[in-house]
Amino acid sequence: MLTGACLSLPIEMHGRGGSVERYLPVVGLDPKERCTVSVRELGRRIVLGVDATSPRSHIIRRILRPARLQLFLMKARAPSDRFAHSRGKPINRRYIEEFLATNRDRIRGKCLEVNDTRYIDQFGGEQVDVADVLDIDVSNPQATVVGDLQDLTAVTSNTYDCAIVTSVFQFLEDPAAGAGELFRVLAPGGTALVTAPALGPADFKDADRWRFFPLCFETIFGEHFGSEDVSVTSYGNMLTCLAYLAGLAQEDLPRRAWGFHDPVYPLVVAVRATKPLA
């Protein structure tokens, strides 16, 4: 037991899932734990403040470690924050939101989204009558439909006018089954708006299984919706792909990085699949 005044410093725990920042007392550390504690980390926390996700913290991190420095000083192991939440907005999210903004007219009527209603609220607005949340996790307080996207027994056929599924298909054991269930639960004329990564760091919080190229989505969704009702778009280029893998954020990149999409180097693949009226 520790007594008296104790000082807590951030440490990096290195394990199977990458490095994770935690905070332990300097006094009484378990010697078996592989960790590093440094005064530099304490100074960083003092400068950045308590809330590492605040805009102020993002700006200071980018000043102290600019994008070019971040790239050239990269270590062999992955950064502890693989998705750049400590630096700003994740790069892949910009492409996901660009896709949804382009198809916002399809987000209407009775809608379904996985995990929460973030994008239904952002892009649907007054066009949406009902917003349901699907999650396999029964502990999610926002979930109105609890079930597996690959076998949605809780949802009757022809129910929804729109289904938004972002960054989910890489975790499905059977992506084709997920596409089939989306087709079943959509009402005639309803649309599935789906995105998935073409590349990116592994996510050890879930069973991260797949990465998708456009042809893969064309095959999976075309089998159920028909090729004429499926539109697949790829987003990204060499610069944004490298930046994403390096743990950089949207705010790190110059404006020219967002000016074009190179089909040779996709970062995000998106599909708009519409169920035929007849």
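Our structure's up above, just so we're on the same page.
Here's a quick rundown of the structure.

### What to know about the packing of aromatic side chains
- One pass over the full model with this rule turns up 10 aromatic pairs.
- Here the aromatic rings of Phe221 and Phe225 are separated by 6.0 Å at their centres, their planes lie at 35°, and the arrangement is tilted. One end of the pair, Phe221, and the other, Phe225, are both in helix 7 (residues 214-225), four residues apart, so they sit about a helical turn from each other. Summarising the burial analysis for this pair, Phe221 and Phe225 share the class buried.
- Through a chain of ring-to-ring contacts, the aromatic side chains of Phe169, Phe183, Phe212, Phe217, Phe221 and Phe225 assemble into a single cluster.
- When the ring centre of Tyr160 is taken as origin, the NZ or CZ atom of Lys110, which lies over that ring, is 5.5 Å away.

### Observations concerning the sheet that holds strand 9 (residues 268-274)
- The mixed open sheet is built from seven strands, whose spatial order is 5-4-3-6-7-9-8. Each edge of the open sheet is held by one strand with a lone partner, namely strand 5 (145-146) and strand 8 (230-235).
- As paired strands, strand 3 (residues 109-114) and strand 4 (residues 128-135) are joined by six bridges and run parallel to one another. Each residue of the ladder has a partner; that of Lys110, found in strand 4, is Val130.
- Running over the sheet, helix 4 (residues 91-102) touches strand 6 (160-166), strand 7 (186-197), strand 8 and strand 9 and is turned about 20° from strand 9.
- Strands strand 6 and strand 7 of the sheet are contacted by helix 6 (residues 175-185), whose axis makes an angle of about 150° with strand 7.

### Points about helix 7
- Taking 1.5 Å of rise per residue, the 12 residues of helix 7 would be expected to cover 16 Å, and the 16 Å separating its terminal C-alpha atoms lies within 8% of that figure.
- What helix 7 keeps buried is the set Phe217, Ile220, Phe221, Gly222 and Phe225.
- The inward-facing, buried residues of helix 7 abut helix 6, strand 7, strand 8 and strand 9.
- Backbone geometry just downstream of helix 7 places Gly226 in the positive-phi region, at approximately 95°.

### A few points about the nonpolar core
- The biggest cluster of nonpolar side chains holds 29 residues, and the ones touching the most others in it are Leu149, Phe169, Leu182, Val194, Phe217 and Phe221.
- Secondary structure elements with two or more residues in this core: strand 6, helix 6, strand 7, helix 7 and strand 9.
- Excluding anything up to four places from it in sequence, Phe221 contacts Phe169, Ala179, Leu182, Val194, Gly226, Val230, Val271 and Ala273.
- One finds Leu100, Ile164, Tyr244 and Ala257 within the second-largest nonpolar core, a separate group that totals 26 residues.

### What about helix 8 (residues 238-245)?
- By the burial criterion, the buried members of helix 8 are Thr240, Cys241, Ala243 and Tyr244. Axial view of helix 8: buried residues confined to an arc of 165°, hence all on one face.
- Of the surrounding elements, those touching the buried residues of helix 8 are helix 4.
- Among the residues trailing helix 8, Gly247 stands out with phi positive, at a value near 80°.

### Focus on the packing of helix 4 against helix 8
- Interhelical geometry of helix 4 versus helix 8 gives an angle of 130° and a closest axis separation of 9 Å. Taken as axis vectors, helix 4 and helix 8 run oblique relative to one another. Along its contact with helix 4, which presents Ile91, Asn92 and Tyr95, the element helix 8 presents Thr240, Ala243 and Tyr244.
- Looking at the contact of helix 4 with helix 8 residue by residue, the classes come out as four nonpolar, two polar and no charged.

Definitions and cut-offs
- Residues numbered from 1 in each chain as written.
- Predicted model: local features only at pLDDT ≥ 70, side-chain atom pairs only at ≥ 80, totals over all residues.
- Heavy atoms only, no water.
- Phe/Tyr/Trp six-rings, centres within 6.5 Å; stacked < 30°, edge-to-face > 60°.
- Helix = DSSP H or I, 4+ residues; strand = E, 2+ residues; numbered from the N terminus.
- Buried < 20%, exposed > 50% of the residue type's maximum accessible area, 1.4 Å probe, protein only.
- Lys NZ or Arg CZ within 6 Å of the ring centre and 35° of its normal.
- Pairing = 2+ DSSP bridges.
- Contact = heavy atoms within 4.5 Å.
- Axes fitted to C-alpha atoms, helices over the stretch in contact; angles between N-to-C directions.
- Expected span 1.5 Å × (residues − 1).
- Core = buried A, V, L, I, M, F, W, Y, C linked by side-chain atoms within 4.5 Å.
- Arc of directions from axis to C-beta.
- Parallel < 35°, antiparallel > 145°, perpendicular 65-115°, else oblique.
- Nonpolar A, V, L, I, M, F, W, Y, C, P; charged D, E, K, R; others polar.

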